[in-house]
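# Structural characterization, general
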Amino acid sequence: MHLDWTALGEVAAVSTGVTVAVVVVFALGVLGLARVEAAREGDTGTSGGGALGIAQAGLCFLACAAVVAYGIYLIVPQFH
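## A word on the overall build of the chain
Scanning the chain for helices and strands turns up two helices and zero strands. The globule rule puts the C-alpha radius of gyration for 80 residues at 12 Å, and the 18 Å found for the chain is more than 25% above it. Projected onto its principal axes, the C-alpha positions of the chain cover 65 × 30 × 10 Å. Buried positions account for 11% of the 80 residues belonging to the chain. If you take every contact in the chain between residues at least 6 apart in sequence, the share linking residues at least 24 apart comes to 54%.

## A few points about helix α1 (residues 5-41)
Look at α1: 54 Å from first C-alpha to last across 37 residues, which is about the 54 Å you get at 1.5 Å a residue. Those residues of α1 that fall on the buried side of the exposure criterion are Gly29, Gly32, Val36 and Ala38. In this fold, the buried residues of α1 make contact with α2 (50-75). Phi turns positive, to about 85 degrees, at glycine 42, one or two residues after α1.

## Quick word on α2
In this model, α2 (26 residues) spans 38 Å end to end at C-alpha, consistent with the 38 Å of a helix rising 1.5 Å per residue. If you check which residues of α2 are buried, you get Gly53, Gln56, Ala57, Cys60 and Cys64.

About the criteria used
- Residues numbered from 1 in each chain as written.
- Predicted model: local features only at pLDDT ≥ 70, side-chain atom pairs only at ≥ 80, totals over all residues.
- Heavy atoms only, no water.
- Helix = DSSP H or I, 4+ residues; strand = E, 2+ residues; numbered from the N terminus.
- Rg over C-alpha atoms; globule rule 2.2 N^0.38 Å.
- Buried < 20%, exposed > 50% of the residue type's maximum accessible area, 1.4 Å probe, protein only.
- Contact = heavy atoms within 4.5 Å.
- Expected span 1.5 Å × (residues − 1).

Dropping the structure here:
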C-alpha cells in the first residue's frame with residue numbers, strides 16, 4: 001500500500017485553511033450583529049450603524065452558508 005503524503009498534506013492544509021476562514025467570517029458576522037445591538041441600545045462608542053451591521057452580518061452568514069452548501073455538493077454524489 002502506497003500513500004501519497006504530498007496529496008495528504010495538501011488536503012490537510014486546505015481543509016485547515018478553509019475551516020479557519022469560515023470561522024473568521026462567521027465571527028465577523030457575529031460582530032455585525034453586535035453592532036446592530038449596540039446601535040439599538042444607543043451606545044456612542046460604536047463605529048458604523050445598524051444598517052452597516054445588518055449588511056455585514058448578512059454577507060458573512062451568506063458566505064458561510066455558501067461554503068457549507070458547496071461542501072455538501074461535493075460530498076453527495078446525487079448532486080453531480
